[in-house]
Amino acid sequence: MADLDNKDQTEIDPADMEDVEDVEEEETVENSKSKARQLTEQLMQNPQILAALQGGLEGLNGSPSGYIESLPKVVKRRINALKNLQVKCAHIEAKFYEEVHELERKYAALYQPLFDKRSDIVKAAYEPTDEECEWKVDEEEELTVSKKDEMKEKAKLEEEKKDEEKEDPKGIPEFWLTVFKNVDLLSDMLQDHDEPILKHLQDIKVKFSDPGQPMSFTLEFLFEANEFFTNTLLTKTYQMRSEPDEGDPFSFDGPEIMSCTGCTIDWTKGKNVTLKTIKKKQKHKGRGTVRTVTKTVPNDSFFNFFTPPEVPENAELDEDSEAVLAADFEIGHFIRERIIPRAVLYFTGEAIEDDDDDYDEEGEEADDEEGEEEADEENDPDYDPKKDSAPAECKNQ
């Protein structure tokens, strides 16, 4: 046994020796990495070094590479020619959008008879036939309906009895108010005191500018007779421009809304929801007497939409006015592009569900891609999980 022990101590397999050397080398590298990390941490804790690094990085962000400046004059000359071509492209694109506006006008005339019939149904001017009311559901809906038919039959009979007892409602009550309340962009503008007024809104139309006239569109809000104002029509007109800015032609990205004009609302006395009366106590400095002063101040209301801030031609707007106008333009564009053409789908909520589904799908795709990346990393023979445990700052670098 002693001889065997001595043999084990003196004779070492060369392969084992290689393993030992590899382990020692790995330990040396790991020690070096550990020291480097410690040194980096110490340096990064020094505020002067951090400031220097930050200044250097800020200088790199968004700065040109210097390549263009280094080019010969003859090449820069040719680049200028390309930029002139780009300006011509912008002018052609502007003409393209002008023709798109003409197409919108053409097809608006085709849509309008359908929208007029929609309005007649909503305000009870027309009762659709049984054939017009028949709606064909898809296969999934049919399966769902067939499962619930038995349960719904009894409830249906009870509802019919209740309907017979009740007075038949006219048209589709609160159609446009419901649309507004279902859309976040519009519901954010609504106040409780606006809702009774919007129950009288019967239709919203869009009219485009006539051929040969500057580009514009007008939103028309049609109301039935009501106790709040004498108008039956409220309007909001948006003026647009489809031409590159001479000072910055490369910024052109399609037609832009330049300004908008509202209309005067003839409020019934005491019914103007855009104003409110407040009482304020004032104390006389000399006599010390107190008096109550009544003041009329602006009030939050959807109907402020019809009195937008004026856009001065040659003066710059402050940030608040720019924000108000930007929001106003977004709302006007949304009503024209989405609400008017698809009003019934916003009334039922289906258009909103479609929008939500689009966002969910994007999120799911992102999650799937992330999951695939993680799976690929785990299956990669060179994948080192230690690298993923590094601090976020290191990953970003």
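Structural data are supplied above this passage.
Residues numbered from 1 in each chain as written. Predicted model: local features only at pLDDT ≥ 70, side-chain atom pairs only at ≥ 80, totals over all residues. Heavy atoms only, no water.

A. Representation of the side chain of Arg336 within the structure. Within the secondary structure, Arg336 sits in helix H11 (residues 319-339). Residue classification places Arg336 among the buried residues on the basis of a relative accessible area of 8%. With residues near it in sequence (within four places) discarded, Arg336 still touches Glu104, Val206, Phe208, Phe217, Leu219, Met240 and Pro341. (Helix = DSSP H or I, 4+ residues; strand = E, 2+ residues; numbered from the N terminus. Buried < 20%, exposed > 50% of the residue type's maximum accessible area, 1.4 Å probe, protein only. Contact = heavy atoms within 4.5 Å.)

B. Representation of helix H5 (residues 73-122) in the model. With 50 residues, H5 extends 69 Å between its outermost C-alpha atoms, agreeing within 8% with the 74 Å of an ideal straight helix rising 1.5 Å per residue. Those residues of H5 lying buried are Ala90, Ala94, His101, Arg105, Ala108, Phe115, Arg118, Ser119 and Val122. Immediately beyond the C-terminal end of H5, within one or two residues, lies Ala124, with a positive phi of roughly 70°. (Expected span 1.5 Å × (residues − 1).)

C. A look at the pattern of salt bridges. Applying the stated rule across the entire model yields eleven salt bridges. In this structure, Lys207 and Glu220 form a salt bridge, with 3.8 Å as the shortest nitrogen-oxygen distance. Here Glu220 lies in strand E2 (residues 216-223) and Lys207 lies in strand E1 (residues 201-208), a separation of 13 residues in the sequence. Assessed through its relative accessible area of 48%, Lys207 is described here as partly exposed. For Glu220, a relative accessible area of 13% puts it in the buried group. For Asp328, the salt bridge goes to Lys236, with nearest N and O atoms at 2.7 Å. Of this pair, Asp328 sits in helix H11 while Lys236 sits in strand E3 (residues 233-241), and the two are 92 residues apart along the sequence. Connected through shared salt-bridge partners, Glu104, Arg336 and Glu337 make up one network. (Salt bridge = Lys/Arg side-chain N within 4 Å of Asp/Glu carboxyl O.)

D. Spatial organisation of the environment of Gly332. In this fold, Gly332 is placed in helix H11. Taking the C-alpha atoms as reference points, Gly332 and Phe305, 27 residues apart in sequence, are found 9.4 Å from one another. Other than its neighbours up to four places away in sequence, Gly332 contacts Phe217, Leu219 and Tyr238.

E. Molecular detail of the pairing of E2. Counted residue by residue, E2 has seven buried out of eight residues, so it is predominantly covered. Both E1 and E2 contribute to a ladder of seven bridges, which runs antiparallel. Residue pairing across strands places Phe208 opposite Phe217, the latter belonging to E2. Taken together, the seven bridges between E2 and E3 define a ladder with antiparallel strand orientation. Pairing of Ser216 across the sheet is with Gln239, part of E3. (Pairing = 2+ DSSP bridges.)

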